[in-house]
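# Observations on the three-dimensional arrangement
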Amino acid sequence: MYRNLSEFIARLEREGELQRVSVPVDPVYEIAEITDRMSKQPDGGKALLFEQTGTPFPVLTNMMGSDRRMAMALGVESLDELTRRLDDLLQQAVTPKNSLLDKLRMLPLLAEMSRWLPRTSSSRGECQQVVLQGEEASLDALPVLKCWPCDGGRFVTLPLVHTLDPETGIRNVGMYRLQLFDARTTGMHWHIHKNGAENFRDMKAQGGARIEAAVAIGTDPVVTYAATAPLPRDIDEMVFAGFLRHKSVEMVKCKTVDIEVPATAEIILEGYVRTDEMRREGPFGDHTGYYSLADDYPVFHVTAITHRKDAIYSATVVGKPPMEDCFLAKATERIFLPLLQQMQPEIIDINMPLEGVFHDCCIVSIKKSYPMQARKVMHALWGMGQMMNVKMIIVVDAHVDVQNISEVAWRVFNNIDAKHDLEIVEGPLDVLDHSSPMAKWGAKLGIDATKTWPEEGHSREWPDEIAMSDEIKAKVDAKWKELGLE
């Protein structure tokens, strides 16, 4: 795995996955347009390192914008390796330990788990080679991007925002964009459903005037990914990163706030968010392909900026898919599949297609064993963490390849009866959803495209699918070259 972002960049360059841009470019619009064009190339194009940005800091974009780079970022050949690893971990965790031998077999796992815990460094971290406080701590020195014409300003788009639960002290690391208001303040765009916002609300409920926060920009790719993972509030993202990288994340204490941050990060913004201050933030060209609307959000006040001597500013550009964030989301889909299956054993596979921008569509295949099981799965998924925001769930039978959108569409178009197979419910929606008449909640659609059973009210005979016999297939396979049709 990688100690820091520089090691990952070096790997990308060795593997031919990085393009250096030595021509001067403007962080306002130009970097976004170049990155958007690159991300739309076959297989996600390449990662881009802009070396001349009009500031002391180069800018890295599209670093995880392909299946291959996403796997490289997480240190695997295929994301399926992480799926199997989490599945093995869950199986070991839930299997009853009745005998002494069973318990002894857990010792290697417990020893490995101890290595996942973050480790606090007693020395100054690499991220603190340069320390700027007071008037020197100016955000104007950073190459913060403005991506789209109607954006409300420049935005830090790949920030790892660290806060603490005021009740338990448990760390939360989330990715919440920051709009620059001036040289010392930004917006703090944590959605109402996110754990950072819960920490903020709890601090306010306790009568606290402010909640401390620290923002890491440019961490090793595993730590960056961990900040996007849909973890429960009481699970530390740095422990999850330790699980993914088989090694603890080295942390260091900030200079002006009582928060620890990844020691090898490129740039750290230290500060606080007042609980009684809101400011209009946005619009922002978002991953939905539309502008998220302007709204009032808390304000982050910077008290210090620390960084490595030769720091690199990492950023992402979001917009109409496919773009880099799509590959981060697909990694989450693959990695967390075993967790869904642990709670819903009938689930075979899921696909959250890029066109559904993560929270708008989920296709799930199930092993159907009883009537109305598809409805049960729909409601179970809507009740699981961030899956509550999914606007459309399509359920198909176990033998359907959910990764094949054409096959799924064929099943849906042929199999549903509009009166009986559509389930419309109301519930929470993603803050970015613009289609609902009400903000943050609205109607969701479940589509049962499984074979309808007589017990579900289908009295007619269900026809067989057309398929050639295996015997004829084998005969044609044997003479295929002779036919000269290749």
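Our subject in this report is the structure included herewith. Since the structure is predicted, the reported quantities are computational estimates derived from the model, not experimental observations.

Moving on: the overall build of the protein. If you tally the helices and strands in the protein, you get 14 helices and 23 strands. Taking 23 Å as the expected radius of gyration for a compact globule of 486 residues, we find that the protein reaches 24 Å, a close match to that expectation. Viewed in the frame of its principal axes, the protein has a C-alpha envelope of about 75 × 55 × 55 Å. The proportion of buried residues among the 486 residues of the protein is 52%. At a minimum sequence separation of 6, the contacts of the protein that also span at least 24 residues come to 70%. Charged side chains of the protein number 54 positive and 72 negative; the gap between the two group centres comes to 3 Å.

This brings us to the environment of Met 70. Among the secondary structure elements, Met 70 is positioned in helix H3 (residues 67-73). On the basis of relative accessibility, which here comes to 1%, the residue Met 70 falls in the buried class. With 261 residues separating them in the primary sequence, Met 70 and Ala 331 have C-alpha atoms 7.4 Å apart. In this view, Met 70 contacts Met 64, Tyr 225, Phe 327, Leu 328 and Ala 331; residues no more than four positions away in its chain are not counted.

Our focus in this paragraph is the sheet that holds strand S13 (residues 260-262). If you trace the 3 strands from one edge of the open sheet to the other, you get S4-S12-S13, paired in mixed fashion. Two strands in the sheet have a free side with no partner beyond their single neighbour: strand S4 (119-120) and S13. Taken together, the 2 bridges between S4 and strand S12 (residues 250-253) define a ladder with parallel strand orientation. By the bridge assignment for S12, Arg 119 is matched with Glu 250.

So, about a nonpolar patch on the surface. A contiguous nonpolar patch, built from Met 468, Ile 472, Val 476, Trp 480, Leu 483 and Leu 485 and spanning about 530 Å² of accessible area, is present on the exposed surface. Position of Leu 485 relative to the elements: it lies in the segment after helix H14 (470-483).

Attention now moves to the packing of aromatic side chains. Considering all chains together, one arrives at 8 aromatic pairs under this definition. Ring geometry for Trp 116 and Phe 243: centres 5.0 Å apart, planes at 80 degrees, overall edge-to-face. On the criterion of sequence distance, the pair formed by Trp 116 in the loop between helix H6 (107-114) and S4 and Phe 243 in helix H9 (residues 237-245) is long-range, its members being 127 residues apart. Relative accessible area serves as the criterion here: at 5%, Phe 243 is assigned to the buried category. Aromatic side chains Phe 155 and Phe 284 sit 4.6 Å apart centroid to centroid with 55 degrees between the ring planes, which places their arrangement in the tilted category. Taken together, the residues span a long stretch of sequence, with Phe 155 in strand S6 (residues 155-156) and Phe 284 in strand S15 (residues 284-285) at a distance of 129 residues. By the burial criterion, Phe 155 is buried, and Phe 284 matches it.

It is worth spelling out H14 at this point. Taking 1.5 Å of rise per residue, the 14 residues of H14 would be expected to cover 20 Å, and the 19 Å separating its terminal C-alpha atoms lies within 8% of that figure. If you look at H14, its biggest bend is around 35 degrees, right at Asp 477. Among the 14 residues that make up H14, 0 are buried, leaving the element largely open to the surroundings. Downstream of H14 by a residue or two, Gly 484 has a phi angle that is positive, lying close to 65 degrees.

The next point concerns the nonpolar core. Leu 74, Tyr 225, Phe 240 and Ile 335 are the most contacted members of the largest nonpolar core, which totals 56 residues. With 5 residues, H9 is the single largest residue contributor to this core. With sequence-adjacent residues up to four places away left out, Leu 74 is seen in contact with Met 1, Leu 79, Leu 82, Val 222, Tyr 225, Leu 244, Ala 331 and Ile 335. Membership of the second largest hydrophobic core comes to 41 residues, among which are Leu 48, Phe 200, Val 302 and Met 323.

For the rest of this paragraph, the subject is the side chain of Asp 325. Relative to the elements of secondary structure, Asp 325 occurs in helix H10 (residues 324-335). At 8.2 Å, Lys 40 is the nearest oppositely charged side chain to Asp 325, a buried residue that forms no salt bridge.

Further remarks concern the side chain of Asp 36. When you line up the elements, Asp 36 lands in helix H2 (residues 30-39). Overall, the relative accessible area of 15% leaves Asp 36 in the buried class. When sequence neighbours within four positions are dropped, the list of residues in contact with Asp 36 reads Trp 148 and Met 323.

This next bit is on the sheet that holds strand S23 (residues 441-448). Pairing within the open sheet is mixed, and its 5 strands lie in the order S19-S20-S21-S23-S22. In this open sheet, the two strands that pair with only one neighbour each are strand S19 (347-351) and strand S22 (422-428). In this sheet, neighbouring strand axes are inclined to one another by 20 degrees on average, regardless of whether the strands run parallel or antiparallel. Relative to S23, S22 is paired through 7 bridges, and the arrangement is antiparallel. Residue pairing in the sheet places Pro 428 in a bridge with Trp 441 of S23. Contacting S19, strand S20 (362-366), strand S21 (392-397), S22 and S23, helix H12 (residues 373-382) crosses the sheet at an angle of about 145 degrees to S23.

Further remarks concern the pairing of S19. For S19, the buried fraction is high: 4 of the 5 residues fall into the buried class. Sheet analysis places S19 next to S20, joined by 4 bridges and oriented antiparallel. Bridging across to S20, Asp 349 finds its partner in Ser 365.

Pairing is possible between side chains of opposite charge, provided their charged atoms come close. Taken as a whole and judged by the stated rule, the model has 33 salt bridges. Between Glu 33 and Arg 37 there is a salt bridge, with the nearest N and O atoms lying 2.7 Å from each other. Placement of both Glu 33 and Arg 37 in helix H2 is noted, with a separation of 4 residues, approximately one turn of the helix. Given a relative accessible area of 33%, Glu 33 falls into the partly exposed group. A relative accessible area of 58% places Arg 37 in the exposed class. Taking the shortest distance from any N to any O, the salt bridge between Glu 407 and Arg 411 comes out at 3.1 Å. With a gap of 4 residues between them, Glu 407 and Arg 411 both fall in helix H13 (residues 405-415), about one helical turn apart. Just as Glu 407 is buried, Arg 411 falls in that class too. What emerges from the salt-bridge pattern is a single network uniting Arg 11, Glu 15, Glu 17, Arg 68 and Arg 69.

What counts, and where the lines are drawn
Residues numbered from 1 in each chain as written. Predicted model: local features only at pLDDT ≥ 70, side-chain atom pairs only at ≥ 80, totals over all residues. Heavy atoms only, no water. Helix = DSSP H or I, 4+ residues; strand = E, 2+ residues; numbered from the N terminus. Rg over C-alpha atoms; globule rule 2.2 N^0.38 Å. Buried < 20%, exposed > 50% of the residue type's maximum accessible area, 1.4 Å probe, protein only. Contact = heavy atoms within 4.5 Å. Lys, Arg positive; Asp, Glu negative; His and termini not counted. Charge placed at Lys NZ, Arg CZ, Asp CG, Glu CD. Pairing = 2+ DSSP bridges. Patch = residues over 30% accessible without salt bridge, like charges linked within 9 Å, V, L, I, M, F, W, Y side chains within 5 Å. Areas by Shrake-Rupley, 256 points an atom, 1.4 Å probe, with all protein chains shown as cover. Salt bridge = Lys/Arg side-chain N within 4 Å of Asp/Glu carboxyl O. Phe/Tyr/Trp six-rings, centres within 6.5 Å; stacked < 30°, edge-to-face > 60°. Expected span 1.5 Å × (residues − 1). Bend = angle between axes of the 7 residues up to and from the residue. Core = buried A, V, L, I, M, F, W, Y, C linked by side-chain atoms within 4.5 Å. Axes fitted to C-alpha atoms, helices over the stretch in contact; angles between N-to-C directions.

Purely spatial values, then, with no claim about function.
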